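Spelled out, the chains give:
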Amino acid sequence: QVQLVESGGGMVQAGGSLRIACRASGRTFSEYAMGWFRQAPGEERAFVASISRSGSSKYYADSVKGRFAISRDNAKNTVYLQMNSLKPEDTAVYYCGSHYSDYEWLGDDPQLFGSWGQGTQVTVSS
C-alpha cells in the first residue's frame, strides 16, 4: 500500500480554477499509476482522471475533458489536478488513488486502485 494525502481543496465561484495535489509516501511512486476520483453527497465515487506511472499517458472522464488536467512530478511524489472552468456539478470530495503496474497502465475503475487518500473538499458556487 501507498500512503496518500490530498490537499488544495476549497471554495470557488463557477468559472473559476483550482489546483489540488496528492502527495505519496515511499520511494516507488514512479511505479504507480495515479487517479483522481470524486464523490458528491449521496452519490457513488466517480472517475475523474488518471495518469500512467511515467506521466506519458492520461485519461479523462467525459464530464471534465477539456477543463481538467492531470499531471505528476515523480521527483516530488506528487500528482496534481488542475481544474478550470469549474461548474457547480464539480462540487465533491476529491480523492486520489494509486495502482501498481509494471507498464504504462491507465484505468477508470476505482476497484483497481489499491490505496486512497483522505480526500479534499472542492465546492463550486453558482
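Residues numbered from 1 in each chain as written. Predicted model: local features only at pLDDT ≥ 70, side-chain atom pairs only at ≥ 80, totals over all residues. Heavy atoms only, no water.

K.L.:
Help me understand the side chain of Ser-101, please; the structure alone is not making it clear to me.
P.N.:
As for its position among the elements, Ser-101 is in the loop between strand E9 (92-100) and strand E10 (115-116). For Ser-101, a relative accessible area of 4% gives the class buried. (Helix = DSSP H or I, 4+ residues; strand = E, 2+ residues; numbered from the N terminus. Buried < 20%, exposed > 50% of the residue type's maximum accessible area, 1.4 Å probe, protein only.)

K.L.:
Help me understand the sheet that holds strand E8 (residues 78-83) in this model?
P.N.:
Paired through their backbone hydrogen bonds, the strands of a sheet run either parallel or antiparallel. With antiparallel pairing, four strands are arranged side by side in an open sheet as E1-E3-E8-E7. Among the strands making up the open sheet, the edge pair consists of strand E1 (4-7) and strand E7 (68-73). Strand after strand, the sheet turns through a mean of 15 degrees between neighbouring axes, direction not considered. The sheet contact formed by E7 and E8 spans six bridges and is antiparallel. Looking at E8, one finds that Asp-73 is bridged to Thr-78. (Pairing = 2+ DSSP bridges. Axes fitted to C-alpha atoms, helices over the stretch in contact; angles between N-to-C directions.)

K.L.:
What is the right way to read the packing of aromatic side chains from this model?
P.N.:
Aromatic ring pairs: the centre-centre distance and the angle between the two ring planes describe each pair. Considering all chains together, one arrives at seven aromatic pairs under this definition. Look at Phe-37 and Phe-47: their rings are 5.7 Å apart centre to centre, the planes differ by 70 degrees, and that puts the pair in the edge-to-face class. Here Phe-37 is found in strand E4 (residues 32-39), whereas its partner Phe-47 is found in strand E5 (residues 46-51), with ten residues between them in sequence. What makes Phe-47 buried here is its relative accessible area of 15%. Pairwise contacts between aromatic rings join Phe-37, Phe-47, Tyr-59, Trp-105, Phe-113 and Trp-116 into one cluster. In this structure, Arg-45 is placed above the aromatic ring of Tyr-95, and the distance from its NZ or CZ to the ring centre is 3.7 Å. Across from the ring centre of Trp-116, 4.8 Å away, lies the NZ or CZ of Arg-45, which sits over that ring. (Phe/Tyr/Trp six-rings, centres within 6.5 Å; stacked < 30°, edge-to-face > 60°. Lys NZ or Arg CZ within 6 Å of the ring centre and 35° of its normal.)

K.L.:
I tried to follow unusual backbone geometry on my own but got confused; where do I start?
P.N.:
Negative phi characterises most residues that are not glycine, and trans characterises most peptide bonds. Phi angles above zero are rare outside glycine, and Asn-77 is one such case at about 55 degrees. Relative to the helices and strands, Asn-77 is located in the loop between E7 and E8. With relative accessibility at 11%, the residue Asn-77 sits in the buried group. Here Ser-85, not a glycine, exhibits a phi torsion of approximately 50 degrees, which is positive. Turning to its location among the elements, Ser-85 is positioned in the loop between E8 and E9. For Ser-85, a relative accessible area of 41% translates into the label partly exposed.

K.L.:
Help me out: how do you make sense of the environment of Cys-22 in this one?
P.N.:
With respect to the helices and strands, the residue Cys-22 is situated in strand E3 (residues 18-24). Owing to a relative accessible area of 0%, Cys-22 belongs among the buried residues under this scheme. For the pair Cys-22 and Asp-102, spaced 80 residues apart in the sequence, the C-alpha separation amounts to 21 Å. Excluding residues within four positions of it along the chain, Cys-22 makes contact with Leu-4, Val-5, Glu-6, Met-34, Trp-36, Asn-77, Thr-78, Val-79 and Cys-96. (Contact = heavy atoms within 4.5 Å.)

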